[in-house]
Structure formats: C-alpha cells, structure tokens
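A structural walkthrough
Each chain, letter by letter, is given below.
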Amino acid sequence: MTVKEILEKRSTFSFEVFPPKTDPGMEKLVGKDGVLEKLYTLNPDYISCTYGAGGGNVGKNLEVLDSVKASGKAIPVTHFTCIGNTKEGIKEQLDTYLEHGIDHMLALRGDLPFGWTGTGGDLHYATELVKFVRDTYGDKFTIAVAGSPEGHIQCRSLDADIAFLKQKPDNGADYIMTQLCWDMDQFRYWLDAIRNAGIWMPVDVGIMPVLDQAATINMALSRNGCVMDRALCEIISKNWIFPNPFDKEPFDAAVDQKKADFKKAGIEYTIKQIDEYRACGINGIHLYALNKYEDVAYIAKEAGLLNL
Ligand code: FAD
C-alpha cells in the first residue's frame, strides 16, 4: 500500500531520520539492534530520510532507505531537492531510487547552501520538481511536498506562499508534510486558509521533539523564523544555561540538572502539542526522530500514536 492509499483510509504515523556522517553513526542507526530496528517496533507507516542540499549525502541516504526497504517494516520515503541538480541528474538519481524499490519522495526546493541565491540547478521551486517527476514517471512515485504554516521564511506574504502551495497538487503532489510550527493559533489559521484556497491534500504534521535547549532555539531561528509560544519560552527561560545554551563550557553549576529538567518539560510540551494538532483534524503525525529512540518512543506512546 502507498502512503497516499493509507491516508485515504486513516491517519498516519511516521518518523524522520537523517543519514549519519560517520560509519559508527551509520552502524548505530542501521546496524543490528540499532535505532531503526527499535523504531520498527513502534509500527510506523513510513520512515523518511533527509537529503543534503546538493546531494552530498546521497550514498548514505540511499543506504538508510535500503535498510528500511529490506526490513519490510515501514515504507521508505526519500527527501529530494532541486539544489545543484540538473534534470538529467535528477532522472539518474530517481531511476536509482526506483531500482532500489523506493517509490515515495518528499519533493523540495531544498535549503539554499550558505551564500547561494538560487538552486544552482535546472529547477527553481518544489512545484517544478513535482511536475518534472509526474511528467517523467507518471504515477510511479507517491509525492509529498512541504507546507509552511507560518509561511516559508523567504515568501513575500503568506497569501503568496499559499498560492504557490496550490500549484503543488495542481502539478500532481499527493500530500503535505509540514514545517515545524509551535504556534497553534497560526497553524489553525493556515489550515483554514489552505482549505479555503482549495488545497485538499492530506496534511501530515511534522513534530520536532523539544529535548535540548540549544537545538530547539537553533531549529526555530537559524533558518525557519518559527515563533516560540509563551509556554515554550517559559521552559527555555526557567532552565536557561548560563551564559547561554550554545556555550561549550558553561559556568552554570546546575547545567546537568537544567538539561534534565528542560528535557522533561520539553517532552510534556511536545505531547500536549500533538494532542492539539490531532484535535485540529490533521491526517498524520510525522515525528522528527533525530536518530534517537527512547525519548521519541516515550512521546509516541504517551501521545497515543501507537494506536493509529
Ligand atoms: P518551495 O515550495 O519551492 O518554496 C520556496 C520559496 O519560494 C517559498 O518562499 C515560496 O513561497 C517561494 N515560491 C514557490 N514557488 C514560487 C514561484 N513560482 N515564484 C516565486 N516564488 C515561489 N531541506 C533539505 O535541503 N533537505 C531535506 O531533507 C529537507 N527536509 C525537509 C523536510 C520537511 C518536512 C520540511 C517541511 C522541509 C525540509 N527541508 C529540507 C527544508 C526545505 O528544503 C526548505 O524549507 C526550503 O527552503 C524550501 O523548500 P520548499 O520545498 O518548501 O520550497
């Protein structure tokens, strides 16, 4: 069954992992008793793997997805970007994915590498990639696309962003995977707005577990301009590591305790957020697993995702 077919029947539950840079990291993820094997015990519908801008980690991305495919325990979904890719190069890579039995993709423009002003490839926007894949491969791929509830950081307005999102199903995309969004009022506004705009694709919500102070701030602000709501800001402030959470040698004597307290409060916050999302009538929860098992499994269990 494809993810599209599952979404026609019920909500989905899935994980996202990234290709580790080192061999020990790979072993920890795909090796025996590794993180993937543990994640399978939670019965996810699919596991997606990120794709480095410019395809720098294509080999490791494929190795991770091969491992998911070989397990037969979840549908492998590759992320794929336009960055630095010619049409010929895209076709070559997508042919390889198909040869490996990987026929699900998240079609993205990609994050522009530092200093770049465009994709440096033949395609400039995700919607062009969706069209190219449909024109070239027909229905061979199930295609997910990104949606940004707060508006993509480079969009000139939320209205423009939604208008461009509408082109994605028009060009053949099957479902939306969302960018992280902690601002629930904004999310509800966006969900109404896209439906009003005639975008009826299922919405699979991306959830970034709040586990680490520096990583949370980094994810929100280094690229995406995400609003952190009062509840999240309080968790950060109450557990602030002095002089700041990015300092490699903090002088804060309570650093270990603060890290533990932050994680505990962050996990509770994440679970509540999943409750709120599910009450909005969304179609799936996609947990950024960050190549971890224990905390992610706890969140999935407590949030009742294992019953989906
Ligand atoms: P697009 O939909 O192409 O939009 C990009 C910008 O261009 C937006 O501001 C949009 O409003 C504007 N736009 C779109 N079409 C037009 C047009 N025709 N004319 C003018 N403006 C237009 N990045 C990676 O590099 N690797 C990953 O593995 C990865 N995984 C991700 C997973 C998820 C779930 C999400 C949500 C994002 C992921 N990203 C990843 C990040 C993503 O690549 C970036 O957010 C990127 O900056 C935009 O990608 P997009 O597909 O949303 O772009």
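Throughout what follows, the structure given in this document is the object of discussion. Not measured: the values here are computed from a predicted model.

A separate point is the site of the ligand. The immediate surroundings of the ligand are formed by 22 residues, with Tyr51, Ala126, His152, Asp161 and Lys168 found nearest. For the ligand, an oxygen atom lies 3.1 Å from a polar atom in the backbone of Gly110. Take Lys168: an N or O atom from its side chain is 2.7 Å from an oxygen atom of the ligand. Considered on its own, the ligand offers 980 Å² of accessible surface; in the complex 87% of this is hidden by protein. Residue assignment for the shell around the ligand shows that the elements contributing at least two residues are strand 3 (75-81), strand 4 (104-108), helix 7 (158-170) and strand 6 (175-178). If you tally residues by element for the shell around the ligand, the top one is helix 7, at 3 residues. Partitioning the shell around the ligand into residue classes produces 10 nonpolar, 8 polar and 4 charged.

Summarising burial for strand 8 (residues 284-288): 5 of the 5 residues are buried, a large majority. Burial of strand 8 is two-sided: the residues Gly284, His286 and Tyr288 facing one way and the residues Ile285 and Leu287 facing the other way are all buried. Here strand 1 (residues 12-17) pairs with strand 8 via 5 bridges, running parallel. Each bridged residue has a counterpart across the sheet, and for Glu16 the counterpart in strand 8 is Tyr288.

With that settled, consider the side chain of Arg195. Considering the arrangement of structural elements, one finds Arg195 in helix 8 (residues 184-196). Look at Arg195: it is buried, it has no salt bridge, and the nearest opposite charge is Asp192 at 7.6 Å. Apart from the residues lying within four places of it in its own chain, the contact partners of Arg195 are Trp200, Met201, Val203 and Asn283.

When you line up the elements, Thr22 lands in the loop between strand 1 and helix 2 (23-30). Here Thr22 falls in the partly exposed class, since its relative accessible area comes to 44%. C-alpha of Thr22 to C-alpha of Lys60: the two residues are 38 residues apart in sequence and 9.5 Å apart in space. Within the structure, Thr22 has its side chain in polar contact with the backbone nitrogen of Gly25 (distance 3.1 Å).

Right, let's talk about the pattern of salt bridges for a bit. Within this structure, the stated rule accounts for 15 salt bridges. In this structure, Arg10 and Asp45 form a salt bridge, with 2.8 Å as the shortest nitrogen-oxygen distance. Here the residue Arg10 occupies a position in the loop between helix 1 (3-9) and strand 1, and Asp45 occupies one in the loop between helix 3 (35-40) and strand 2 (46-49), the gap between them amounting to 35 residues. Judged by relative accessible area, which is 37%, Arg10 ranks as partly exposed.

As a further point, take the packing of aromatic side chains. Tallied over the entire structure, the rule returns 7 aromatic pairs. Between the aromatic rings of Tyr46 and Tyr175, the centroid separation amounts to 6.2 Å while the plane-to-plane angle is 70°, which identifies the pairing as edge-to-face. Residue Tyr46 is located in strand 2, and its partner Tyr175 is located in strand 6; the two are separated by 129 residues in the primary sequence. Like Tyr175, Tyr46 is buried. Judged by centre distance (5.7 Å) and plane angle (45°), the ring pair of Phe187 and Trp190 falls under tilted. Placement of both Phe187 and Trp190 in helix 8 is noted, with a separation of 3 residues, approximately one turn of the helix. Here Phe187 and Trp190 have matching classes, each one buried. An aromatic cluster is defined as three or more aromatic residues linked by ring pairs; in this entry it consists of Tyr51, Phe80 and Tyr97.

Each disulfide consists of one covalent bond between the sulfur atoms belonging to two cysteines. Going through the model one piece at a time under the given rule, you end up with 0 disulfides. Its sulfur unpaired, Cys233 is 12 Å from the next cysteine sulfur, which belongs to Cys226. Of the residues examined, Cys233 reaches a relative accessible area of 32% and is grouped as partly exposed.

Cut-offs and rules
- Residues numbered from 1 in each chain as written.
- Predicted model: local features only at pLDDT ≥ 70, side-chain atom pairs only at ≥ 80, totals over all residues.
- Heavy atoms only, no water.
- Near = heavy atom within 4 Å.
- Polar contact = N/O pair within 3.5 Å; in protein donor to acceptor, adjacent residues only side chain to side chain.
- Areas by Shrake-Rupley, 256 points an atom, 1.4 Å probe, with all protein chains shown as cover.
- Helix = DSSP H or I, 4+ residues; strand = E, 2+ residues; numbered from the N terminus.
- Nonpolar A, V, L, I, M, F, W, Y, C, P; charged D, E, K, R; others polar.
- Buried < 20%, exposed > 50% of the residue type's maximum accessible area, 1.4 Å probe, protein only.
- Pairing = 2+ DSSP bridges.
- Lys, Arg positive; Asp, Glu negative; His and termini not counted.
- Salt bridge = Lys/Arg side-chain N within 4 Å of Asp/Glu carboxyl O.
- Contact = heavy atoms within 4.5 Å.
- Phe/Tyr/Trp six-rings, centres within 6.5 Å; stacked < 30°, edge-to-face > 60°.
- Disulfide = S-S within 2.5 Å.

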